[in-house]
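Next come the chains, spelled out residue by residue.
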Amino acid sequence: MINFWRKITLLVGDKDGNGLDLSGFRVSFDVEKTALQDPNTAKIDIYNLSKTTVARIADGGLKRIVLQAGYESHNAVIFDGNIISTSQVRNGADTILSIDAGDGQSGYSYALVNETVGAGYSNNDIAKKSFNAMKERGVKNDDLKAVSNETKYPRGRVLFGAARNYSREVSKNSDTQWSVQDGHLVYCKKNATRDDRKAFILRPDTGMIGSPKKDKDGVTVSCCLNALLRIYDPIRIESEFLTGDFKILSLKHSGDTHGNEWSTEIKACSLDPSTKKTTKK
């Protein structure tokens, strides 16, 4: 993997896809993704925008923000979410628009299920109802493969309430984790990685920075910014003092187009190489 020639694309837009390309400005960012159900977050600072552009973003008409970053040879979306708030400050000669955003924030906070399921429904059926409600609030796709439809419940029921509460119910009943990742509702078995995902091999020659740190919860390691890593994916770490297979539980992407920072911090739990199951839930 060649980690040369940084690349970034930053777009803000409305629900119809109309918006602004801000890729040419100085941008700094911190994107935090986790395996938890709470929305992933991003803090994005954009330098020296015109008053007109700031007004278009701050007035709430442009609610979606998409950040793609990496290198010329490998880059991808690292954040796709909803703008929550904006503020503006001055730092010397620079004016900075700061944006706080949440991944799937609208779907998580406001999606409402109002449905009926008949006798013989499954956890997968409930997961689909939750997704359909979140989809109306901007969640774009779903990955429900980890949620079984084998268990059938004998009596029908009325579903009315926050979609996130039904996703929590599904997660508890199916022994899964769930979250929204770049606008996609994802379920993953607690003791496994996502299906059909190939482990990225992280070594010094593929971008590892420093040495991994291992503790009772797993491992923490940093690397050159890697947009190809995803929550719940497997990763293989190969270093002088630690080699093993892990499941990614959190990612922090940090960067500054005019500074030195351009990195990813990974936190992961151990996988048993023989079963590909986590050694700790």
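This is a predicted model, so every value here is computed, not measured.

(A) The arrangement of the packing of aromatic side chains in detail. All chains considered together, the criterion is met by three aromatic pairs. Relative to Tyr 153, the ring of Tyr 121 lies with its centre 4.9 Å away and its plane at 20°, an arrangement referred to as stacked. Of this pair, Tyr 121 sits in the loop between strand E8 (112-117) and helix H3 (123-135) while Tyr 153 sits in the loop between strand E9 (141-143) and strand E10 (157-162), and the two are 32 residues apart along the sequence. By relative accessible area, Tyr 121 is classed as buried at 9%. For Tyr 153, a relative accessible area of 24% puts it in the partly exposed group. Residue placement shows Arg 26 over the ring face of Tyr 47; its charged tip is 4.3 Å from the ring centre. Against the face of Tyr 108 rests Arg 164, its NZ or CZ located 5.4 Å from the ring centre.

(B) Region of interest: the nonpolar core. Grouped together as the largest cluster of nonpolar side chains are 29 residues, with contacts concentrated most on Phe 29, Ile 44, Ile 57, Ile 65 and Leu 67. Looking at this core, the elements that each hand over two or more residues are strand E1 (6-13), strand E3 (27-34), strand E4 (41-47), helix H1 (51-58), strand E5 (64-71), strand E6 (74-91) and strand E7 (94-102). With sequence-adjacent residues up to four places away left out, Ile 65 is seen in contact with Leu 10, Leu 11, Val 12, Ile 44, Phe 79, Asp 80, Gly 81, Ile 83, Ile 99 and Ala 101. Counting residues in hydrophobic clusters, the runner-up holds 22 residues, among them Phe 131, Ala 133, Ala 146 and Ala 163.

(C) A look at a nonpolar patch on the surface. On the surface, a nonpolar cluster with roughly 340 Å² of combined accessible area is contributed by Leu 112, Val 158 and Phe 160. Looking at the secondary structure, you find Val 158 in strand E10. When its relative accessible area of 61% is taken as the criterion, Val 158 is described as exposed.

How each quantity is defined
- Residues numbered from 1 in each chain as written.
- Predicted model: local features only at pLDDT ≥ 70, side-chain atom pairs only at ≥ 80, totals over all residues.
- Heavy atoms only, no water.
- Phe/Tyr/Trp six-rings, centres within 6.5 Å; stacked < 30°, edge-to-face > 60°.
- Helix = DSSP H or I, 4+ residues; strand = E, 2+ residues; numbered from the N terminus.
- Buried < 20%, exposed > 50% of the residue type's maximum accessible area, 1.4 Å probe, protein only.
- Lys NZ or Arg CZ within 6 Å of the ring centre and 35° of its normal.
- Core = buried A, V, L, I, M, F, W, Y, C linked by side-chain atoms within 4.5 Å.
- Contact = heavy atoms within 4.5 Å.
- Patch = residues over 30% accessible without salt bridge, like charges linked within 9 Å, V, L, I, M, F, W, Y side chains within 5 Å.
- Areas by Shrake-Rupley, 256 points an atom, 1.4 Å probe, with all protein chains shown as cover.
- Salt bridge = Lys/Arg side-chain N within 4 Å of Asp/Glu carboxyl O.

Note that every value here comes from positions in space, so none of it alone points to a role or purpose.
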